[in-house]
Amino acid sequence: MSNQSREFDVSSLREESPAEFERYEFREPPRYVFAADRREFVGALGAGLVILVSPQGAQAQREGRQARREERLADRLHVGVDGVVTVFTSKVEVGQGARTQITQAAAEELRLPMEQIRLVMADTASCPDDGGTAGSRTTPSTIPRVRNACAAARARLVEFAAAKLHAETSEVQYDGGAFSVPSGAATTLGDLAADRKLIEALQAPPAADVEIRSVDSWQVLGAPAPKVGAVAIVTGRHRYPSDVQVQGMVYGKVLRPASYGATLKDADLAPAKAMDGVTAVRDGNFVGCTAPTSWRAAQAVEAIAATATWDRPPHLHSDRLYEHLQNTAKAEGGGRRGEGRQWGDWQAALAAARKRLQSTYRVAYIQHAPMEPRAAVAQWQDGRLTVWTGTQQPARVHSELQNAFRLEATDVRVIVPDTGGGFGGKHTGEAAVEAARLAKAAGKPTSLRWTREEEFTWAYFRPAGVIEIDAALDESGRLTAWDVTNINSGGSAIDSPYQSASGRTRVLAADAPLRQGSYRALASTANNFAREAAMDELAELANVDPLDFRLAHLGPGRLRDVLVAATDRFDWRSRRAAGRSAGVACGTEKGSFVAACVEAAVVNNTIRVTSICQAYECGAIQNPKNLLSQVQGCIMMGLGGALREEIRFADGQIVNPSFSSYQVPRMDDLPDLDVVLLNRQDLPSVGAGETPIIAVAPALAGAVFAATGKRRRSLPLQI
Amino acid sequence: MASTFTIRVNGRQHAVVTDADRPLLDVLREDLGLTGTKFGCGEGACRACTVILDGQATQSCITTMATAADAEIETIEGLASGDQLHPVQQAFIDQSGMQCGYCVPGQIMSATALLREDPHATREKIIDAMTGNLCRCCNYGNILAAVEQAAARE
Ligand code: FES
Ligand code: FES
């Protein structure tokens, strides 16, 4: 199979089914159940949507993935009379660079400069459903789909130009939006767009045999294209979800429960209602206010809170978290199917071990804490609802709104402006639902932005976990058994890449005290930490250098390649020989490969990371500039969870719900960062926004062991 | 209790009727529509809301209207002259100083205040001045490179 066709293997189109999401994707009941309102049931088909490429656009959305393969070009792109091509996708930009990379992909196949591509992202009224932005799927799944459509459109445009210029299709020269034929006649994209017949020409689905540009002749992909929209960001002009302002808008605020699980017994809205311009509403357990300013809205909710009485159930203290997870671990059901497996006679191998390691590792609850908290602006017009909000899952938020307010699908529109960070933390629509309920009460468009404390308390967390590893070595220092059990934090990357004659992997659910969900690389950070930390301990038992022990258990391949690349560049052997405190780790997840070397010192009981060298490989690099930035960001974000980040809770409240008490990485944490990107142009490109985070914590643990002689088996690493 | 305050923002005078203890950040965003200045924490701990107030990088979320009154305030919207970006803004583009970009207005205002005082600030001084500006995309390497570029040029 050639490279090209591999990139468009139809199986890649199936990978975004909900079953492919991590197990922490939400299957929880809605937070609020609003009372029914008879008028809501009268559907009002009125004013059209601002951008509607074709009437079938919304239809395709409702039919979900099934419709995708019959996707019509008109649903994917629109050619303007100004020669600008507008491309549509449901993917969102949360800083990972999707906007730039999809623009590159479209420009590549349409043979246009990037400036002539306008990308409309995540507007449920106009964008085909490419799924949510999760699981590093944009690069391997959406980019091929966009390239395919754009390549098909280019072929159609050439045919159309040929007819117009009275020439054969094969005679048409096309590049950069200009068509010419041997007779000297010429036309442009803009001219073609002015021809109404073009619309029909773009109706049919793309041909199956459409040709996309192969990697070795990429012009736009593969280049370090600068970020699209950068000027609007540095000038403050870009409107993030929390910056959206519409005519007549008021500001909203919601009353939060006194603690987790608390139910409202009583609250007096009167003191809020007495305030100037304030609307207060209670609907079931939902209480909120709107006011002309967010300041006043907060005061109004505080006034209600002062009168509120609650039933507060007991709630676990974070000091007892890990024993609680172990005590409540269930025999089954912690992972997706296929995550639990056994091979060889691991029990016999453990019993016959020459040396045996039994270690328990822990990872704390941590928070995404995106710089922009959850925010939404909701506007009702004639019973139809438009919400601008920051979410990674516009289609899911669309259905949350539809269900909460009992609306027809066509009466809800969700728009996601490029958002201030996600990291897996914005898969839900709380702010959208709340803003919409408040807007309804106020009869005015309403803006709602969560406070930092709300974000730290009422969003969700990367699950804490306990990981037990039981492993055996034979007399030659080879692994003979590998038994790993993850309690509560999930199954990604639980499969060890190291050779072992026997083993077992298990993923167990437990009674989780906090609302837990996705996170950048989610469970793979935990499983990779435990496995790599255990490999260090086993290397010590075998009396072998940690790098050599890994290499001895790795076959040839991409993981070995990054491990060698990182340790060579870092000069692992000379640093170790010189007695420097260095650690190494590697891992693979979502089809890409990473290895990190870390040097660190422990001074006054504080870990100081001095240098990190990381090698990373994700197939053919589509944008080296963006990739480098993602890898560096992942390393630094991973340091946060390795060094300090830990959510603590007591009495149903978060103890450290602020940036002053929950300490994320800062500029002065920056070590010498050396990143090696391996460009495998012979392999399909995969997503790189997550996997580069998984190696830094265990490599740091190795460095800390080298510095102190003590093993740390918890994240964050405790000194 | 609402009173009238006069603030000068990016060279323009505004009269605002509001509470004396209301944060400057809210007034900039909600009353003046200047949404370039961002909310990140509201407690002075992230500096997403940094503006330059009488020459000093200042967290507008913990600056009350009473304090801001009669001061000279610069926000991210006032930095470029027409289409001509300020060198610090250009440096953030050149060095990929942004991922989601939400922290960037605050980063740029902090860096601008620093470089006005110390146009060739050393790396050490830059880190010292900028380390309170959080970036959750953790794009610190590129942000540092951007400020260093601007420090060499200005
Ligand atoms: S919003 Fe002002 S310091 Fe965080
Ligand atoms: S670029 Fe996203 S917070 Fe800094």
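In this text the structure is predicted, and so the values were computed from the model without any measurement.

1. Some points on the overall build of chain B
Move 1: Within chain B, the secondary structure is distributed over six helices and five strands.
Move 2: Seen in sequence order, chain B has helices and strands lined up from the N terminus as β-β-α-β-β-α-β-α-α-α-α.
Move 3: For chain B, whose C-alpha radius of gyration is 15 Å, the value lies close to the compact-globule estimate of 15 Å for 154 residues.
Move 4: Seen along its three principal axes, the alpha-carbon backbone of chain B occupies a region of about 45 × 30 × 25 Å.
Move 5: Burial statistics for chain B: of 154 residues in total, 62% are counted as buried.
Move 6: Sequence-distant contacts in chain B: of pairs separated by 6 or more residues, those separated by 24 or more amount to 56%.
Move 7: Counting only carbon and sulfur atoms, one obtains 46% of the accessible surface of chain B, whose full area is about 5500 Å².

2. Some details on the nonpolar core
Residue and element names in this part refer to chain A.
Move 1: Residues Phe-179, Leu-401, Phe-659 and Leu-700 are the most contacted members of the largest nonpolar core, which totals 230 residues.
Move 2: Looking at this core, the element that brings in the most residues is helix α5 (residues 138-164), giving twelve residues.
Move 3: One finds Ala-267, Val-278, Cys-289 and Val-301 within the second-largest nonpolar core, a separate group that totals 17 residues.

3. Overview of the domain arrangement of chain A
Many authors give the size of an interface as the accessible area that is lost as the parts come together.
All names here are of chain A.
Move 1: What the domain assignment lists for chain A is domain 1 (73-235), domain 2 (241-312 + 374-449) and domain 3 (337-366 + 461-715).
Move 2: Relative placement of domain 1 and domain 2: their C-alpha centres are 37 Å apart.
Move 3: Tallying the contact residues gives 15 residues for domain 1 and 16 residues for domain 2.
Move 4: Roughly 1100 Å² is buried in total at the junction of domain 1 and domain 2, and carbon and sulfur atoms are behind 51% of that figure.
Move 5: Our enumeration of links across domain 1 and domain 2 arrives at two salt bridges.
Move 6: Here Arg-413 makes a salt bridge to Asp-123, at a shortest N to O gap of 2.5 Å.
Move 7: The interface formed by domain 1 and domain 2 includes six residue pairs in polar contact (both at pLDDT 80 or more).
Move 8: Classifying every residue of the side of domain 1 that touches domain 2 by side-chain character gives six nonpolar, five polar and four charged.

4. A closer look at empty space enclosed by the protein
Move 1: Applying the stated criterion across every chain yields a total of seven cavities of 30 Å³ or more.
Move 2: Forming the walls of the largest cavity are 15 residues, and the residues nearest its centre are Pro-226, Lys-227 and Asn-626 of chain A together with Ser-96 and Met-98 of chain B.
Move 3: With three residues, helix α20 (residues 624-643) of chain A is the single largest residue contributor to the lining of the largest cavity.
Move 4: For the lining of the largest cavity, the class distribution of residues is five nonpolar, eight polar and two charged.
Move 5: For the second largest cavity, the calculated volume is near 70 Å³.
Move 6: Around the second largest cavity, the lining residues are Ile-366, Arg-462, Tyr-519, Thr-525, Met-637, Gly-638, Gly-641, Ala-642, Ile-693, Ala-697 and Leu-715 of chain A.
Move 7: If you tally residues by element for the lining of the second largest cavity, the top one is α20 of chain A, at four residues.

5. Some details on the domain arrangement of chain B
Residue and element names in this part refer to chain B.
Move 1: Along its sequence, chain B is carved into domain 1 (2-78) and domain 2 (87-152).
Move 2: Relative to domain 2, the C-alpha centre of domain 1 lies at a distance of 21 Å.
Move 3: Contact with domain 1, which involves 16 residues of that partner, is made by 15 residues of domain 2.
Move 4: Around 1300 Å² of area is buried between domain 1 and domain 2 when both sides are counted, 57% of it from carbon and sulfur atoms.
Move 5: When the buried area of domain 1 at its contact with domain 2 is split by residue, Arg-47, Ile-52 and Ile-76 rank highest and sum to 40% of it.
Move 6: Inspection of the domain 1/domain 2 interface yields one salt bridge.
Move 7: Along the contact surface separating domain 1 from domain 2 lie four residue pairs in polar contact (both at pLDDT 80 or more).

6. Digging into the pattern of salt bridges
Move 1: Taken as a whole and judged by the stated rule, the model has 48 salt bridges over all chains.
Move 2: The partner of Asp-243 of chain A in a salt bridge is Arg-29 of chain B, and the shortest N-O contact between them spans 2.8 Å. Residue Asp-243 of chain A is found in the loop between α8 (230-234) and β7 (250-254), and its partner Arg-29 of chain B is found in helix α1 (residues 24-31); the two belong to separate chains.

7. As for the sheet that holds strand β6 (residues 186-188) of chain A
All names here are of chain A.
Move 1: Taken together, three strands build an open sheet; the order of strands is β4-β5-β6 and the sheet is antiparallel. Where the open sheet ends on each side, the last strands, each with one partner, are β4 (173-175) and β6. Across the sheet, the mean angle from the axis of one strand to that of its neighbour is 15°, orientation sign disregarded.
Move 2: Sheet topology note: the strand β5 (residues 178-180)/β6 ladder contains three bridges and is antiparallel. Bridge assignment links Ser-180 to a residue of β6, and that residue is Ala-186.
Move 3: On top of the sheet, α5 reaches β4, β5 and β6; it is set at about 45° to β5, its chief contact.

8. Structural notes on the interface of chain A and chain B
Move 1: With 54 residues of chain A at the contact, the number on the chain B side is 51 residues.
Move 2: Buried surface at the junction of chain A and chain B, both sides included, amounts to about 4300 Å², of which 59% is carbon and sulfur.
Move 3: In this structure, the connection of chain A to chain B is made through four salt bridges.
Move 4: At the level of elements, α8, α10 (294-305) and α20 of chain A are the ones that each hand at least two residues to the side of chain A that touches chain B.
Move 5: The biggest single contributor to the side of chain A that touches chain B is α20 of chain A, with seven residues.
Move 6: Looking at the side of chain A that touches chain B residue by residue, the class counts come to 22 nonpolar, 21 polar and eleven charged.

9. Here we look at the environment of Glu-93 of chain A
All names here are of chain A.
Move 1: Note on placement: Glu-93 falls in the loop between β2 (85-89) and α4 (98-110).
Move 2: Counting along the chain gives 58 residues from Glu-93 to Ala-151, while the straight-line C-alpha distance between them is 23 Å.
Move 3: Those residues in contact with Glu-93 that sit more than four places away from it in its chain are Ala-98, Arg-99, Met-121, Lys-227, Asp-418 and Thr-419.
Move 4: Of the polar contacts made by the side chain of Glu-93, one reaches the backbone nitrogen of Gly-95; its length is 2.8 Å.

What counts, and where the lines are drawn
Residues numbered from 1 in each chain as written. Chains lettered and ligands numbered in written order. Predicted model: local features only at pLDDT ≥ 70, side-chain atom pairs only at ≥ 80, totals over all residues. Heavy atoms only, no water. Helix = DSSP H or I, 4+ residues; strand = E, 2+ residues; numbered from the N terminus. Rg over C-alpha atoms; globule rule 2.2 N^0.38 Å. Buried < 20%, exposed > 50% of the residue type's maximum accessible area, 1.4 Å probe, protein only. Contact = heavy atoms within 4.5 Å. Areas by Shrake-Rupley, 256 points an atom, 1.4 Å probe, with all protein chains shown as cover. Core = buried A, V, L, I, M, F, W, Y, C linked by side-chain atoms within 4.5 Å. Domains from an automatic or database assignment. Buried area = accessible area lost by both parts, 1.4 Å probe. Salt bridge = Lys/Arg side-chain N within 4 Å of Asp/Glu carboxyl O. Polar contact = N/O pair within 3.5 Å; in protein donor to acceptor, adjacent residues only side chain to side chain. Nonpolar A, V, L, I, M, F, W, Y, C, P; charged D, E, K, R; others polar. 1 Å grid on protein atoms, 1.4 Å probe; cavity = no way out; pocket = protein on both sides within 12 Å on 5 of 7 lines; lining within 4 Å. Points joined across faces, edges and corners; volume = space filled by probe spheres on them. Pairing = 2+ DSSP bridges. Axes fitted to C-alpha atoms, helices over the stretch in contact; angles between N-to-C directions.

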